[in-house]
Amino acid sequence: MALVVVTNRIPAEGLEALRAEHEVRAWEHEECISRADCLRLVAGADAVVTLLTEKVDGEFLDAAGPQLQVVANVAVGYNNIDVAACQARGVIATNTPKVLTETTADTAFGLMLMVTRRFGEGERIIRSQTPWQWGMFYLLGMGLQGKTLGIVGMGQIGAAMARRAVAFGMDIVYSDEHEAPAELLAGMPSGAVRRMSFDELLRVSDVVSLHCPYLPSTHHLMGAEQFAAMKRTAYVVNSARGPIIDEAALVAALQAGEIAGAGLDVFEQEPTVHPGLLAMDNVVLLPHLGSATTETRAAMARLAADNVLAVLRGERPITPIT
Ligand code: DGY
């Protein structure tokens, strides 16, 4: 029996699978674990299950000890993991792709609808008991039909967003290092999805939706220059990672009317949100709900557990990061 440490609360589907085969030491408190408690908890672990709130770096791996075999992140994004530090110590790192694709695309699509149709703004009017009356020109938004959606990063989630947008009658363009494989775009009408350069995508899109991973190369991918290149009537949606957008530049672009609005599920300094964004009605803000459904979180926990169980049995992990 090996020791598996789980550094934050995860759904029972994951915990029970781990407990069936191993000793499990889990953080059971409502609040997220502190760094100090986390370093203490992982000591002696053969496997660790982490969330995106834990920074898995050299210090973390050393605190766990040389017997550590695998770090299983319960998230598809793994910018919280120093992959090189894991590799240097022979520790396998895994994530949870695919199981959260549709849920995260729902979140991105929801943000797009909310911001273009001003649903958040409308809801705030009612909740604040501000007087209102139906009117021909009251709270008009932008219709999505016939508009162009620019997808930055055509992976699983980008493609799921594209499928939704095709069903809504949008034209799809995307930028990516690679041409999307045919199976990723299966079911979409041929020619409905076009690849172009990032610069061109910014110029032609009515909505720019970010679906790329957060890497050194995508840090502040959207900055002052990029917002200036967008249509003044266009919106940006981010359900990927906060620091892909330079938030100060976004606030400046919104204040200057260089773009029409933003829908954000992620932030540069989570959970802090730039005060400039809080003050704007043409911005929709969600507290990182991308994969937040009961079903998806259960599937993520189960996949992370299955990765751990595979490695501890001496098998290949199901979804290794590298
Ligand atoms: C992920 O998996 O990367 C999401 O951001 C977590 O919901």
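The structure presented is a predicted model; accordingly, all values stated were derived computationally and were not measured. (Residues numbered from 1 in each chain as written. Predicted model: local features only at pLDDT ≥ 70, side-chain atom pairs only at ≥ 80, totals over all residues. Heavy atoms only, no water.)

K.L.:
How would you sum up the pairing of strand 3 (residues 47–50)? Please name residues and give values.
P.N.:
Here is the key point about a regular strand: its side chains alternate between the two faces of the sheet. On strand 3, burial covers both faces: Ala47 and Val49 on one face and Val48 and Thr50 on the other are all buried. Direction of pairing for strand 1 (residues 3–6) relative to strand 3: parallel, over a ladder of three bridges. Bridge assignment links Val5 to a residue of strand 3, and that residue is Val48. For the handedness criterion, the β-α-β arrangement of strand 3, helix 3 (residues 58–64) and strand 4 (residues 70–73) is classed as right-handed. (Buried < 20%, exposed > 50% of the residue type's maximum accessible area, 1.4 Å probe, protein only. Helix = DSSP H or I, 4+ residues; strand = E, 2+ residues; numbered from the N terminus. Pairing = 2+ DSSP bridges. Right-handed = clockwise from strand over helix to strand, strands pointing away.)

K.L.:
Any chance you could break down the sheet that holds strand 3 for me, citing the residues and the numbers?
P.N.:
Pairing within the open sheet is parallel, and its five strands lie in the order 2-1-3-4-5. Here the strands that pair on one side only, and so sit at the sheet edges, are strand 2 (23–26) and strand 5 (92–94). Direction aside, the axes of adjacent strands within the sheet are offset by 15° on average. Here helix 12 (residues 294–312) sits on the sheet in contact with strand 1, strand 3, strand 4 and strand 5, set at roughly 165° to strand 4. (Axes fitted to C-alpha atoms, helices over the stretch in contact; angles between N-to-C directions. Contact = heavy atoms within 4.5 Å.)

K.L.:
Quick rundown of the pattern of salt bridges? Include the residues and the values.
P.N.:
Counted under the stated rule, the structure contains 17 salt bridges. For Arg164, the salt bridge is made with Glu102, and the minimal N-O distance between the two is 2.8 Å. With a gap of 62 residues between them, Arg164 in helix 7 (residues 156–167) and Glu102 in helix 5 (residues 101–116) connect regions that are remote in the sequence. When its relative accessible area of 18% is taken as the criterion, Arg164 is described as buried. The exposure class assigned to Glu102 is partly exposed, which follows from its relative accessible area of 38%. Among the salt bridges present, the one from Arg313 reaches Glu315, with a minimum N-O distance of 3.9 Å. What emerges from the salt-bridge pattern is a single network uniting Glu102, Asp106, Arg163 and Arg164. (Salt bridge = Lys/Arg side-chain N within 4 Å of Asp/Glu carboxyl O.)

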